[in-house]
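# Residue-level structure breakdown
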Amino acid sequence: MPQVIDIHCHAAPAPGIAQLIEGKMRPEDDAASFFMSEDSRAQNRKLGREEYGLALASLDERLSRMDRARVDLQAVSPSPQQFYWAEPQLGQTLSRLQNEHVAEMVAAKPDRFAGLGSVPLQDTRLAVEELDHLMGRLGLRGVQISTYVDGTELGDSRLEGFWEATEGLGAVVFIHPLGFSHGERLRAFYLNNSVAHPLESTLALSSLIFNGVLHRHPGLKIVVAHGGGYLPFHPSRLDHAWEVRPECRVQIDRRPSSYLKQIFVDTVVYTPESVSQLVAMIGADHVLLGTDYPFDMGEADPVGLVERTPGLSAEDRTLIAGGNAARLLGLEA
């Protein structure tokens, strides 16, 4: 198979971040941990000591695991913890540290890594300023953002300047959830990840559609983690609401499902049947290979998953494995 590119993989938090946020972050600012049972927290601590630490910290270990997974290049994004709770200047400082950390990884192995950074979306002006810096000065290819900005939905008018800037710069925007903002019912059985992550992505994507962001900015390069959440698997209810409810047609003039053709999703959906559904809904040219490296909810055999997916042509498999990502990230020769 031609070049294999992993669109969904993470870097460790940058050195110095832990010290800067010490004593400033409230427990509820981290929904992923706050709405988690103690047995899940204990398992995460165990994995952090025995698995994630080495996988995130050691470049040699990362490259070895990439080789075993048949991944040629990772589009590395920060650990999915965003710091939208912080006051804006601190948020920009934290983003800058993380962006420089990712840029250093790319500089160490430019043939194996491309970089996605972070921006302080709690302040749109500073977010655009940091976007200009990370793309213009650091050479990163775009950003990773969360699904929800400390009480603000992604389709809110306050963020319009950010979407204008990302479209203008051709920046990739990788949307990655972390927990669920109202996760009281999802504490047990790790539901705050297994159910909440695709639910958060569904809400974020619905906000972008119904608030008209995708309508106004058809050139956006948006990638949604975990197969885009639940929406690509059940869009017909939104379409029906759009047809019968006038309030659903205020910002958009066509069916919500039609906007799915403008986004990209990853293959972290585990089964060939699910990959087939994504291809049927949004096209093979908008599905990207992903692993969620190095976490246990990821995909250990991403190339095998694409190979096992029925009904794909050789061209489809080439596009999903790396061709789509190369085009999106500007890595084509």
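Shown above is the structure to which this text applies.
Presented here is an overview of the structure given in this document. What you see is a predicted model; the values in this text were computed from it and never measured.

Our focus in this paragraph is the packing of aromatic side chains. All told, the structure shown has three aromatic pairs when counted by the stated rule. Consider the rings of Tyr-52 and Phe-295, whose centres lie 4.8 Å apart with planes at 75°: the pair is edge-to-face. Here the residue Tyr-52 occupies a position in helix 3 (residues 38–57), and Phe-295 occupies one in the loop between strand 10 (287–288) and helix 13 (302–308), the gap between them amounting to 243 residues. Judged by its relative accessible area of 23%, Phe-295 is partly exposed. Above the plane of the ring of Tyr-259 lies Arg-254, whose end atom (NZ or CZ) is 3.9 Å from the centre.

The next point concerns the packing of helix 6 (residues 124–136) against helix 7 (residues 160–169). Two elements in contact, helix 6 and helix 7, have axes whose closest approach is 9 Å; the angle formed by their N-to-C orientations is 15°. Here helix 7 runs roughly parallel to helix 6, going by the angle between their axes. The chirality of how helix 6 crosses helix 7 is right-handed. Residues Thr-124, Val-128, Leu-131, Asp-132 and Met-135 of helix 6 pack against Gly-161, Phe-162, Ala-165, Thr-166 and Leu-169 of helix 7. Split by residue class, the contact of helix 6 with helix 7 holds six nonpolar, three polar and one charged.

Below, the discussion takes up the sheet that holds strand 1 (residues 5–10). Strand order in the open sheet made by the three strands is 1-2-3, with parallel pairing throughout. What marks the edges here is a single partner per strand, and that holds for strand 1 and strand 3 (113–115). With strand direction ignored, the average angle separating the axes of adjacent strands in the sheet is 30°. Direction of pairing for strand 2 (residues 73–77) relative to strand 3: parallel, over a ladder of three bridges. Within strand 3, the residue paired with Val-76 across the bridge is Gly-115.

The rules behind each value
- All residue numbers refer to positions counted from 1 along the written sequence of the respective chain.
- Only residues with pLDDT of at least 70 get local features here, since the model is predicted, and only at 80 or more are side-chain atom pairs given and counted; chain-wide, interface and lining totals rely on the full set of residues.
- The basis for the side-chain values is all heavy atoms of the structure; hydrogens and waters are excluded.
- By convention, a stacked pair of Phe, Tyr or Trp rings (six-membered ring in the case of Trp) has centres within 6.5 Å and planes under 30 degrees apart, an edge-to-face pair has planes over 60 apart, and any other such pair is tilted.
- Think of it this way: any DSSP run of H or I at least four residues long counts as a helix, any run of E at least two long counts as a strand, and we number them from the N terminus.
- We call a residue buried when its accessible area falls under 20% of the maximum for its residue type, exposed when it is over 50%, and partly exposed in between, using a 1.4 Å probe and counting protein chains only.
- Charge-over-ring placement is defined geometrically: NZ (Lys) or CZ (Arg) within 6 Å of the ring centre, and within 35 degrees of the ring normal.
- Between N-to-C directions, angles cover 0 to 180 degrees, with each direction set by a line fitted to C-alpha atoms, over the stretch in contact for helices.
- For classification, angles of less than 35 degrees are called roughly parallel, those exceeding 145 degrees roughly antiparallel, those between 65 and 115 degrees roughly perpendicular, and all remaining angles oblique.
- Each crossing gets its handedness from the near helix: less than a right angle anticlockwise from the far helix is left-handed, clockwise is right-handed.
- By the convention used here, residues are in contact when the closest approach between their heavy atoms is within 4.5 Å.
- Asp, Glu, Lys and Arg are counted as charged, while Ala, Val, Leu, Ile, Met, Phe, Trp, Tyr, Cys and Pro are counted as nonpolar; the rest, among them Gly, fall into the polar class.
- A pair of strands is labelled paired if DSSP reports no fewer than 2 bridges between them.

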